[in-house]
Amino acid sequence: MSATAQTLRPPSRTLMFLEGRAIHELGAFLGALPLLSLAPKGDGHPVLVLPGLVASDTSTRPLRSFLKSRGYAVSGWRQGRNLGLRDGVQHAMTDLVRELSDSHGRKISLVGWSLGGLYARQLAKMMPDRVRSVITLGSPFAGNPKATNAWRVYEMASGRRADEEDARFGGSLSETPPVPTTAIFSRTDGICAWQGCMEKSSALSENIEVESSHCGMGHHPAVVYAVADRLAQPEGQWAPFDRSGWRSIVFPDPNR
């Protein structure tokens, strides 16, 4: 782990307090649905959406419903609340990836919110022949595992140390998956240090910045649009997100 990653600290109490805006972001999502209908439609490939810590498929329902309306074969993770990598969780996820890939005869895309994004990255490293792309939403894969305001909750829920990495589950978290990868992050994230949610840019990886809370990221209108835009790319023709025109107003430059 780099010195920068080691020195990252959790977001301030002020930012954590501002996480209450997630409720208003849900309202903004509902109000923005007519505009979001202008987002590109998909090609019907399967998409697996993974929830964050202590959340369930209920939390991702708005995003999944929207992606379904764009033409994707969308699935939740089907394991109740996400309480960390307890016994059986990893195997259930790999089995679901195989099931979705086999039943549709196509590679699947993985969209993971926070802890769910960590799972998505590791699944793609383990099963690159079945994964088409990865999109993470506020997932702290690149920083100190304790540079979040949720690490104690994770340890209580999972019974594992926050800094414990399982070599059998994809290896190093910070290593970029071998498939097209998009990391969506917010500098006003009140749960995870935003620097730890950024990917190393490459020919097949990128960062998209939004102005969102952490708890509202899964239904924030800008995030939902970005996810739809990324998923709509033809397989094998991935290109970085286009911030030109009106998008430059909604999506800040992540490299500023």
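On a predicted model such as this, the values are computed, not experimentally measured, just so you know. (Residues numbered from 1 in each chain as written. Predicted model: local features only at pLDDT ≥ 70, side-chain atom pairs only at ≥ 80, totals over all residues. Heavy atoms only, no water.)

(A) Looking closely at the overall build of the protein. Scanning the protein from terminus to terminus reveals 9 helices and 6 strands. For the C-alpha atoms alone, the extent of the protein along its principal axes is close to 40 × 40 × 35 Å. Among the 256 residues that make up the protein, the fraction classed as buried is 53%. Summarising the internal contacts of the protein: among those between residues at least 6 apart in sequence, 75% fall at separations of at least 24. Split by element, the accessible area of the protein, about 11,500 Å² in all, is 55% carbon and sulfur. Charge separation in the protein, taken as the distance between the mean sites of 29 positive and 24 negative side-chain charges, equals 3 Å. (Helix = DSSP H or I, 4+ residues; strand = E, 2+ residues; numbered from the N terminus. Buried < 20%, exposed > 50% of the residue type's maximum accessible area, 1.4 Å probe, protein only. Contact = heavy atoms within 4.5 Å. Areas by Shrake-Rupley, 256 points an atom, 1.4 Å probe, with all protein chains shown as cover. Lys, Arg positive; Asp, Glu negative; His and termini not counted. Charge placed at Lys NZ, Arg CZ, Asp CG, Glu CD.)

(B) Broad picture of the sheet that holds strand β4 (residues 131–137). The strand order across the open sheet formed by 6 strands is β2-β1-β3-β4-β5-β6, and the pairing between neighbours is parallel. At either end of the open sheet lies a strand with only one pairing partner, and these are β2 (73–75) and β6 (205–210). Geometrically, the sheet is characterised by an average inter-axis angle of 15 degrees between neighbouring strands, direction not taken into account. Pairing analysis gives 3 bridges linking strand β1 (residues 46–50) to β2, with the strands arranged parallel. By the bridge assignment, P46 is partnered in β2 with A73. Against the sheet, helix α8 (residues 221–231) makes contact with β1, β3 (108–113), β4, β5 (181–186) and β6, and its axis sits at roughly 165 degrees relative to β4, the strand it touches most. (Pairing = 2+ DSSP bridges. Axes fitted to C-alpha atoms, helices over the stretch in contact; angles between N-to-C directions.)

(C) Expanded view of the state of the cysteines. Tallied over the full model, the rule gives 0 disulfides. Here C197 stays free of any disulfide, with the sulfur of C192 as its closest cysteine sulfur at 4.9 Å. (Disulfide = S-S within 2.5 Å.)

(D) How the structure looks around the pairing of β6. Judged by how many residues are buried, β6 sits mostly within the fold: 6 of 6 residues are covered. With 6 bridges joining them, β5 and β6 adopt parallel strand pairing. Paired with T182 across the strands is E206, a residue of β6.

(E) Structural context of helix α4 (residues 61–69). Of the positions making up α4, those classed as buried are L63, R64, F66 and L67. In an axial view of α4, the angular spread of the buried residues amounts to 165 degrees, which keeps them on one side of the axis. Where α4 is buried, its residues touch α3 (22–36), β1, β2, β3, β4 and α8. Looking one or two residues past α4, G71 carries a phi angle of roughly 105 degrees, positive in sign. (Arc of directions from axis to C-beta.)

(F) Up close: the pattern of salt bridges. Inspection of the entire model under this criterion finds 14 salt bridges. Close ionic contact of D95 with R98 constitutes a salt bridge, the shortest N to O distance being 3.4 Å. One end of the pair, D95, and the other, R98, are both in helix α5 (residues 89–104), 3 residues apart, so they sit about a helical turn from each other. (Salt bridge = Lys/Arg side-chain N within 4 Å of Asp/Glu carboxyl O.)

(G) Here's a closer look at the packing of aromatic side chains. Per the counting criterion, the structure on display carries 6 aromatic pairs. Pairing Y225 with F251 gives two aromatic rings, centres 6.4 Å apart and planes at 40 degrees, and the pair type is tilted. Here the residue Y225 occupies a position in helix α8, and F251 occupies one in the segment after α9 (247–250), the gap between them amounting to 26 residues. Ring centres of F241 and F251 lie 4.9 Å apart, and the angle between their planes is 75 degrees; on these two criteria the pair is classed as edge-to-face. Of this pair, F241 sits in the loop between α8 and α9 while F251 sits in the segment after α9, and the two are 10 residues apart along the sequence. (Phe/Tyr/Trp six-rings, centres within 6.5 Å; stacked < 30°, edge-to-face > 60°.)

(H) Representation of the nonpolar core in the model. Membership of the largest hydrophobic core comes to 34 residues, with the highest contact counts inside it found for L48, L50, M93, L110 and Y119. Top contributing element to this core by residue count: helix α6 (residues 115–126), with 6 residues. Once residues lying within four places of it in the same chain are set aside, the contact partners of M93 are L50, W77, Q79, L85, Y119, L123 and F169. Of all hydrophobic cores here, the second largest spans 28 residues; its members include W113, V223, V224 and V227. (Core = buried A, V, L, I, M, F, W, Y, C linked by side-chain atoms within 4.5 Å.)

(I) How the structure looks around α5. Helix length check: α5, at 16 residues, gives a terminal C-alpha distance of 23 Å against a target of 22 Å (1.5 Å per residue), a fit within 8%. Contacts made by the buried residues of α5 are with β1, β2, β3 and α6. G105 lies just past α5 and shows a positive phi near 65 degrees. (Expected span 1.5 Å × (residues − 1).)

(J) Structural view of the packing of α4 against α8. Running from amino to carboxyl end, α4 crosses α8 at an angle of 40 degrees, the nearest separation of the two axes being 11 Å. Between α4 and α8, the angle is such that the two are oblique. Handedness of the α4/α8 crossing: right-handed. Residues L63, F66 and L67 of α4 touch α8, and the partners they reach there are V224, V227, A228 and L231. (Parallel < 35°, antiparallel > 145°, perpendicular 65-115°, else oblique. Left-handed = near helix turned anticlockwise from the far one by under 90°.)

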